[in-house]
Amino acid sequence: MKQPPKSSRQQEDLIYRKILILFLAAILLEAAFLALHRLYHFAGTFMIANYIVWTGKYVALAAVAAGIVWAAARWKKGGARHGVRLAFAGLLAFCAFVLIYFFYPNGAKYMSIAIPILVLLGLVYYIYPPEFLVSAVLGAIVLTFLFVYRQAAVHVNWMSVLYAVCTVLLLALILCAWLTFLLRKQGGMLRLGKKQLRVFPKETEYRMIFFSCGLCALSILASLFWLPLAFIAMFVIGAYLFVLAVYYTVKLM
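The rules behind each value
The numbering scheme is per chain: residues are counted from 1 as the chain's sequence reads. For a predicted model such as this one, the threshold for reporting local features is a pLDDT of at least 70, and the threshold for listing and counting side-chain atom pairs is 80 or more; totals across whole chains, interfaces and linings nevertheless cover every residue. Hydrogens are left out, water is left out, and the side-chain values use all remaining heavy atoms of the structure. A run of H or I in DSSP becomes a helix once it reaches four residues, and a run of E becomes a strand once it reaches two; helices and strands are each numbered from the N terminus. Only protein chains enter the accessibility calculation, which uses a 1.4 Å probe. A residue is then buried if its area is under 20% of the maximum for its type, exposed if over 50%, and partly exposed in between. Contact criterion: two residues are considered in contact whenever any of their non-hydrogen atoms come within 4.5 Å of each other. Values of accessible area rely on a 1.4 Å probe in the Shrake-Rupley scheme; residue burial ignores everything except the protein chains shown. We treat Lys and Arg as the positive residues and Asp and Glu as the negative residues; His and chain ends play no part in the count. Every charge is mapped onto a representative atom, which is NZ of Lys, CZ of Arg, CG of Asp or CD of Glu. The term nonpolar core refers to a set of buried residues drawn from Ala, Val, Leu, Ile, Met, Phe, Trp, Tyr and Cys, joined through side-chain atoms within 4.5 Å. Lines are fitted to the C-alpha atoms to define the axes, a helix being fitted only along its stretch in contact, and any angle between axes, read from their N-to-C directions, falls within 0 to 180 degrees. The labels follow the angle: roughly parallel below 35 degrees, roughly antiparallel above 145, roughly perpendicular from 65 to 115, and oblique for the rest. Residues are grouped as follows: nonpolar covers Ala, Val, Leu, Ile, Met, Phe, Trp, Tyr, Cys and Pro; charged covers Asp, Glu, Lys and Arg; every other residue, Gly included, is treated as polar. Each Phe, Tyr or Trp ring, with Trp reduced to its six-membered ring, pairs with another whose centre is within 6.5 Å; inter-plane angles below 30 degrees give stacked pairs, above 60 give edge-to-face pairs, and intermediate values give tilted ones. The rule is short: NZ of Lys or CZ of Arg within 6 Å of the ring centre and within 35 degrees of the ring normal puts a charge over the ring.

## Observations regarding the overall build of the protein chain
Then comes step 1: Counting its secondary structure elements, the protein chain contains 8 helices and 2 strands.
Then comes step 2: Reading the helices (α) and strands (β) of the protein chain from amino to carboxyl end gives α-α-α-α-α-α-β-β-α-α.
Then comes step 3: Structurally, the protein chain occupies a C-alpha span of about 60 × 45 × 40 Å along its principal axes.
Then comes step 4: A total of 253 residues make up the protein chain; the buried ones form 32% of that total.
Then comes step 5: Excluding contacts between residues fewer than 6 apart, the proportion of contacts in the protein chain whose partners are at least 24 apart in sequence is 65%.
Then comes step 6: Surface accessibility of the protein chain: about 16,600 Å² in total, with carbon and sulfur atoms responsible for 74%.
Then comes step 7: Each charge class in the protein chain can be summarised by its mean position, and for the 23 positive and 6 negative side chains these summaries are 12 Å apart.

Next up, the structure:
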């Protein structure tokens, strides 16, 4: 059997190490969220859990600020990606703590359910083409919204919040389609001042991203028109992502 090139083997080893780190981080986060969920459900440890959530929000915001400063300081010298990663991690942590507080007392349990989904998205990021990653992220976000919408739509007090989130999601989908259109015109390159950053490879199938944006937007609008359509839309998006996964898996073989 012919040995692969050394550079290719090194690249595969790097991907494997990153996947192992991803799984390790997921295990630790899963244990932390489950422990926090247990703390919330006992009167003697409720205040400890509440203190952890409130403190965690400010620590996460500090990480976002530190990451932005780091990225800005290293922008011209190189190495800004480390600051961007820190800011992004802090933003995810802040959102997690906010959701835990918002969905009290089951917020930590919901986050423990979200961890496997994020792991799957991480595997898609490392293994599959970027157009599938964009479609998977959009589908996961809209599926989460539809799930929350079905649970909260029966409460009239939440309708204004749901409509606001719906508007933000629709605008985000429109922005995603517009940015994809610009990137397709520029061959997958994004211009940042004098620098050019390759976002998508030349062989990217942009039509998949456009179709995913349209399907997600149509699912949201249909659910707003009639609540029972939310469940059907969830099934359609889930089936669509499964078909995409099979399609791109076959292409990798």
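## Concerning the nonpolar core
Then comes step 1: Counting 35 residues, the largest nonpolar core has L138, F145, L146 and I220 as its most contacted members.
Then comes step 2: Every element with two or more residues in this core is listed here: helix 5 (130-152), helix 6 (159-185), helix 7 (206-225) and helix 8 (229-252).
Then comes step 3: The greatest single-element share of this core, amounting to 9 residues, is contributed by helix 5.
Then comes step 4: Not counting chain neighbours up to four residues away, the residues in contact with F145 comprise L162, V165, C166, L169 and I220.
Then comes step 5: With 13 residues, the next largest nonpolar core counts A26, L36, F97 and A108 among its residues.

## Here's the deal with the side chain of K57
Then comes step 1: Looking at where K57 falls in the secondary structure, it is placed in helix 2 (residues 46-73).
Then comes step 2: Setting aside chain neighbours within four positions, we find K57 in contact with F94, F97 and V98.

## Topic: the packing of helix 3 (residues 80-102) against helix 4 (residues 107-127)
Then comes step 1: Following both chains from N to C, one finds helix 3 and helix 4 inclined at 135°, their axes separated by 7 Å at the closest point. The angle between the axes of helix 3 and helix 4 places the two elements in the oblique class. Seen from helix 3, the contacting residues are A96, L99 and I100; seen from helix 4, they are G107, A108 and M111.
Then comes step 2: Of the residues assigned to the contact of helix 3 with helix 4, the class counts are 5 nonpolar, 1 polar and no charged.

## Considerations on the packing of aromatic side chains
Then comes step 1: Scanning the entire structure with this criterion turns up 9 aromatic pairs.
Then comes step 2: An angle of 50° between the planes, with centres 5.4 Å apart, marks the rings of F211 and Y240 as tilted. Here F211, found in helix 7, pairs with Y240, found in helix 8; they are 29 residues apart in sequence, far enough to count as distant.
Then comes step 3: The buried category is assigned to Y240, whose relative accessible area is 14%.
Then comes step 4: Feature note: the residues Y128, F132, Y247 and Y248 constitute an aromatic cluster, connected by ring pairs.
Then comes step 5: One Lys or Arg, K57, reaches over the ring of W54 and ends 3.5 Å from the middle of that ring.
Then comes step 6: A cation sits over an aromatic face here: K57 above Y101, 5.3 Å from the ring centre.

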